[in-house]
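Close look at the chain arrangement
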Amino acid sequence: MKINNSVLDQLFLYAKNSYNEKEIPVSAAIFRSLDNELIAIAGNNRQKNKNVLGHAEVNCILKAEDKLGDWRLDGYYMVVTLEPCDMCSIIIKESRLDKVYYFLSSKQPSKLNISINKSVIDGYEKYKEKLNELLTVFFDNMRWKPFFLWYNKLREVFVWVIKFYIENTDLILLIVL
């Protein structure tokens, strides 16, 4: 599969915009199979819209349906930055997309074993590294982890400074034991 550099840039920009909005940095695009024309592109907006369906794949399908005036997307395929979750796989299957190509495999195993025609995109290693770094930084920022730890042997004192993210706010927690 060959993907045009401007489409790669757009996919990364949508993923980066999702990241900047405190969303999981994922983006998706739909193309017409016949001529590879870009039909729709979208990113995650679940937190922003407070809607469980705000995944990039679902948003992209909705945009394509609106543009084409039909919910049936046979004759079209999707490119997504991260392997679709179970919910998105069901919606992709119901929308009748021909195939789904993805850059990064999901670390979450499928619980439903939904059968859709999907495959990982070969090559594009530098692009995959950028996407992987964006996802890694996003999830690292959500976890409780000390970014500073100090220990004084004479007084048996531990000091942790922990940064974490909750409800669209970065918080710093100082713990002294």
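Conventions we followed
Residues numbered from 1 in each chain as written. Predicted model: local features only at pLDDT ≥ 70, side-chain atom pairs only at ≥ 80, totals over all residues. Heavy atoms only, no water. Helix = DSSP H or I, 4+ residues; strand = E, 2+ residues; numbered from the N terminus. Buried < 20%, exposed > 50% of the residue type's maximum accessible area, 1.4 Å probe, protein only. Contact = heavy atoms within 4.5 Å. pLDDT = per-residue confidence, 0-100. Pairing = 2+ DSSP bridges. Axes fitted to C-alpha atoms, helices over the stretch in contact; angles between N-to-C directions.

1. Some points on the environment of Met78
- Tracing the sequence through the fold places Met78 in strand S3 (residues 76-82).
- Take Met78: its relative accessible area is 0%, and that puts it in the buried class.
- Sequence-wise, Met78 and Ile41 are 37 residues apart; in three dimensions their C-alpha atoms are separated by 9.4 Å.
- Those residues within four positions of Met78 in sequence are excluded, and the remaining contacts are Ala28, Ala29, Ile30, Glu57, Cys60, Ile61, Ile92, Leu97, Lys99, Val100 and Tyr101.

2. A word on the confidence of the model for the chain
- Here the chain averages 86 in pLDDT, while 80% of its residues score no lower than 70.
- Helix H3 (residues 56-68) holds the highest mean pLDDT among the elements of the chain, 98, whereas strand S6 (residues 145-152) holds the lowest, 51.

3. Considerations on the sheet that holds strand S4 (residues 99-104)
- The five strands lie next to each other as S2-S1-S3-S4-S5, forming an open sheet whose pairing is mixed. Only two strands of the sheet have a single neighbouring strand rather than two, namely strand S2 (38-43) and strand S5 (118-120). Strand-to-strand twist in this sheet, taken as the mean axis angle between neighbours without regard to direction, amounts to 20°.
- Summarising the sheet, strand S1 (residues 27-32) and S2 pair through five bridges and their orientation is antiparallel. The residue bridging Ala28 from the neighbouring strand is Ala42, located in S2.

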